[in-house]
Amino acid sequence: MPVIAVAIGVVVAIIVLIVLFKMVWRVAEPNEALIISGLGAKSKPIDGVDSLGFKIITGKGTSVLPGFQTARRLRLDSRAANLEVNCVTQQGIPVKVRGVVIYKVGDDFVSIANAARRFLEQQNSMDGAIHELFTGHLRSIIGNLTVEDLILNRERLTSETRGSAADEMSKLGLVVDSLQIQEIDDETGYITNLGRPHAARVAAAARIAEAERNQEATEREQETERQNAAVIRDTEMKKAEYEGQVQQAAQQARQEVILKETRNAELEAERTEKRLESEVRKPADARAYEQVKLAEAEREERISYAQAAATEVQLKAQRESEAIRLIGEAEADATRRRGLAEAEAIKARAEALAENTDAVIAQQLAEQWPQIVEAGAGVFGNVDNMVVLNGAQGVEDMLAKALTLGGTGLGVARQLLAGLNAQSAPAGVNGHNGTPAATVPVEIPKED
């Protein structure tokens, strides 16, 4: 517990010392001077001059006892005061001069002491004091100068003004860094008229110089134009020559391209011809040769086939002719034998007819009965519907009537008798036992 109290006491003491130090210690900035007055605030004599009861501190710090001493700050930086003075020159011409004075408090202790005694509490009044000081000196100096001197030699005006105000500035503890005369003006127009002859000479010289320069410029322009024309002509000639060369090169290039294209076309044509030769013509020739050979083989085959067919037809014709001959001989022999048999039969019928005519007629009717019935049925060919009465007897009566109406039975009988008479009539005419010559039809088979 005592240790903590001691530590707290030490910290409080340090804080109190720091606060006291901040209250007592004052530091002068680089652009200011500390003016300390009060108990014990005396400085050592400087160059035999006492500090007059206050101490000056610049660029460092010092302790100031509160309640016993007072510290004030005097600015040492530059200030600017504008000047505007109405005065009369040596020639009696009123002029108005505008300028600016840049000044400051001197850096030596004497200047600081003088400025502190005059401006420490009234530092803002320095500009007014400087303005009044330099206004008086400018009036006195300009009164001894002409307008020409003011215009042509402003440096003299500023140097004389600074020289004449140096003593007063030193007493005030101030120094002049710069004095500039910015403008000199007069209400009478003297300065303007003063410059007119020179302005006229300058204007004339300017016009002359301008005319000379214009002439020179015109000549130079003409020369330049001639040179430009020559350059343009040379350029056009070179351009035409270059264009001719370009056209010639282009023509040569086109000719080379045409030659290359022609060569490529020829090569392409040769390649196409070879391709056609290999892909079209040779296969076409092969196919044509194949077709020719196939046609020749087919023709030879057809010729062989035709020759074989002709031979076969000839042989077949020979065989058929021989067969026909044999068939004809066989049929002739058969006809002869049949004629002999029919003659013998007719002879027998004639004898039988002479002996028994009714029996022969009945026999002929029996042999021809199918034709007789067919002829009788032809009567009913156009009948759509027919009703038969009395059964089988009705049918018999109807057939008998049909045969009677048609005259079929009588016609058949008559034909039979006529046939028998015709066959028996020429029996002794032809000398061949009454047998007529028979014609045997022979059918020749057609070729397939």
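**Considerations on the overall build of the protein chain**
(1) Moving on: Along its length, the protein chain carries 10 helices and eight strands.
(2) Moving on: Looking at the protein chain residue by residue over its 448 residues, the buried ones come to 20%.
(3) Moving on: Once local pairs closer than 6 in sequence are excluded, the contacts in the protein chain between residues at least 24 apart make up 70%.
(4) Moving on: Of the accessible surface of the protein chain, which amounts to about 31800 Å², a share of 56% is contributed by carbon and sulfur atoms.

**Let's talk about the side chain of Asp 186**
(1) Moving on: Mapping Asp 186 onto the fold places it in strand E8 (residues 174-186).
(2) Moving on: For the buried Asp 186, which has no salt bridge, the nearest side chain bearing the opposite charge is Arg 98, at an N-O separation of 10 Å.
(3) Moving on: A polar side-chain atom of Asp 186 sits 3.0 Å from a polar atom in the side chain of Thr 188.
(4) Moving on: Engagement of the side chain of Asp 186 in a polar contact is seen with the backbone nitrogen of Gly 189, the distance being 3.0 Å.
(5) Moving on: Setting aside residues no more than four positions away along its own chain, Asp 186 makes contact with Ile 93, Pro 94, Val 95 and Ile 191.

**Focus on the confidence of the model for the protein chain**
(1) Moving on: For the protein chain, the mean per-residue pLDDT works out to 76, and 75% of the residues sit at or above 70.
(2) Moving on: Per-residue pLDDT, averaged within each element of the protein chain, yields its smallest value for helix H10 (residues 408-424) (52) and its largest for strand E7 (residues 94-105) (89).
(3) Moving on: Across residues 424-448, confidence stays below pLDDT 50; counting only partners more than four residues off in sequence or on other chains, it has 22 contacts.

**Overview of the sheet that holds E8**
(1) Moving on: Overall, antiparallel pairing links the three strands, which are arranged E6-E7-E8 in an open sheet. The sheet is open, and its two edges are formed by strand E6 (79-88) and E8, each paired on a single side. Adjacent strand axes in the sheet meet at a mean angle of 20° when their direction is disregarded.
(2) Moving on: Taken strand by strand, helix H3 (residues 126-142) contacts E6, E7 and E8, and its axis lies near 35° from that of E6.

**What to know about the nonpolar core**
(1) Moving on: In this structure, Leu 74, Val 95, Phe 134, Met 169 and Leu 174 are the most contacted members of the largest nonpolar core, which totals 41 residues.
(2) Moving on: Contributions of two or more residues to this core are made by strand E2 (32-38), strand E3 (54-58), E6, E7, helix H2 (109-119), H3, helix H4 (147-152) and E8.
(3) Moving on: Considering each element in turn, this core owes the most residues, seven residues, to H3.
(4) Moving on: Setting aside chain neighbours within four positions, we find Leu 74 in contact with Asn 31, Glu 32, Ala 33, Ile 35, Val 105, Ile 112, Ala 115, Ala 116, Leu 120, Gln 123 and Met 126.
(5) Moving on: Judged by nonpolar contacts, the second largest core, of five residues, contains Ala 28, Ile 36, Ile 57 and Val 64.

**A closer look at a nonpolar patch on the surface**
(1) Moving on: Nonpolar side chains collect at one region of the surface, where Ile 4, Ile 8, Val 11, Val 12, Ile 15, Val 16, Leu 17, Val 19, Leu 20 and Met 23 lie side by side and expose about 900 Å² of accessible area between them.
(2) Moving on: With respect to the helices, strands and loops of the structure, Ile 15 is situated in helix H1 (residues 2-24).

**Re the sheet that holds E2**
(1) Moving on: Read across the sheet, three strands follow the order E3-E2-E5 without closing on themselves; strand pairing throughout is antiparallel. Taken across any chain shown, the strands that pair with only one partner, and hence form the sheet edges, are E3 and strand E5 (69-75). Neighbour-to-neighbour, the strand axes of the sheet open up by a mean angle of 25°, direction not taken into account.
(2) Moving on: Direction of pairing for E2 relative to E5: antiparallel, over a ladder of seven bridges. By the bridge assignment, Leu 34 is partnered in E5 with Arg 73.
(3) Moving on: Packing of H2 onto the sheet brings it into contact with E2, E3 and E5, and relative to E3 it is tilted by some 120°.

**Points about helix H5 (residues 154-164)**
(1) Moving on: Among the residues of H5, those classed as buried are Leu 157, Thr 158 and Thr 161. Buried residues of H5 fall within an arc of 95° about the axis and therefore sit on the same side.
(2) Moving on: In this structure, the buried side of H5 is in contact with H3, H4 and E8.

**Focus: the pairing of E2**
(1) Moving on: Among the seven residues that make up E2, five are buried, leaving the element largely enclosed by the rest of the structure.
(2) Moving on: Bridging between E2 and E3 involves five bridges; their strand directions are antiparallel. In the sheet register, Ala 33 faces E3, and the bridge partner there is Thr 58.

**Thoughts on the pattern of salt bridges**
(1) Moving on: The tally for this structure, following the rule as stated, stands at 16 salt bridges.
(2) Moving on: For Arg 156, the salt bridge is made with Glu 160, and the minimal N-O distance between the two is 3.0 Å. Pair noted here: Arg 156 and Glu 160 are both in helix H5, with a separation of four residues, about one helical turn.
(3) Moving on: Residue classification places Arg 156 among the partly exposed positions, given a relative accessible area of 35%.

The rules behind the values
Residues numbered from 1 in each chain as written. Predicted model: local features only at pLDDT ≥ 70, side-chain atom pairs only at ≥ 80, totals over all residues. Heavy atoms only, no water. Helix = DSSP H or I, 4+ residues; strand = E, 2+ residues; numbered from the N terminus. Buried < 20%, exposed > 50% of the residue type's maximum accessible area, 1.4 Å probe, protein only. Contact = heavy atoms within 4.5 Å. Areas by Shrake-Rupley, 256 points an atom, 1.4 Å probe, with all protein chains shown as cover. Lys, Arg positive; Asp, Glu negative; His and termini not counted. Salt bridge = Lys/Arg side-chain N within 4 Å of Asp/Glu carboxyl O. Polar contact = N/O pair within 3.5 Å; in protein donor to acceptor, adjacent residues only side chain to side chain. pLDDT = per-residue confidence, 0-100. Pairing = 2+ DSSP bridges. Axes fitted to C-alpha atoms, helices over the stretch in contact; angles between N-to-C directions. Core = buried A, V, L, I, M, F, W, Y, C linked by side-chain atoms within 4.5 Å. Patch = residues over 30% accessible without salt bridge, like charges linked within 9 Å, V, L, I, M, F, W, Y side chains within 5 Å. Arc of directions from axis to C-beta.

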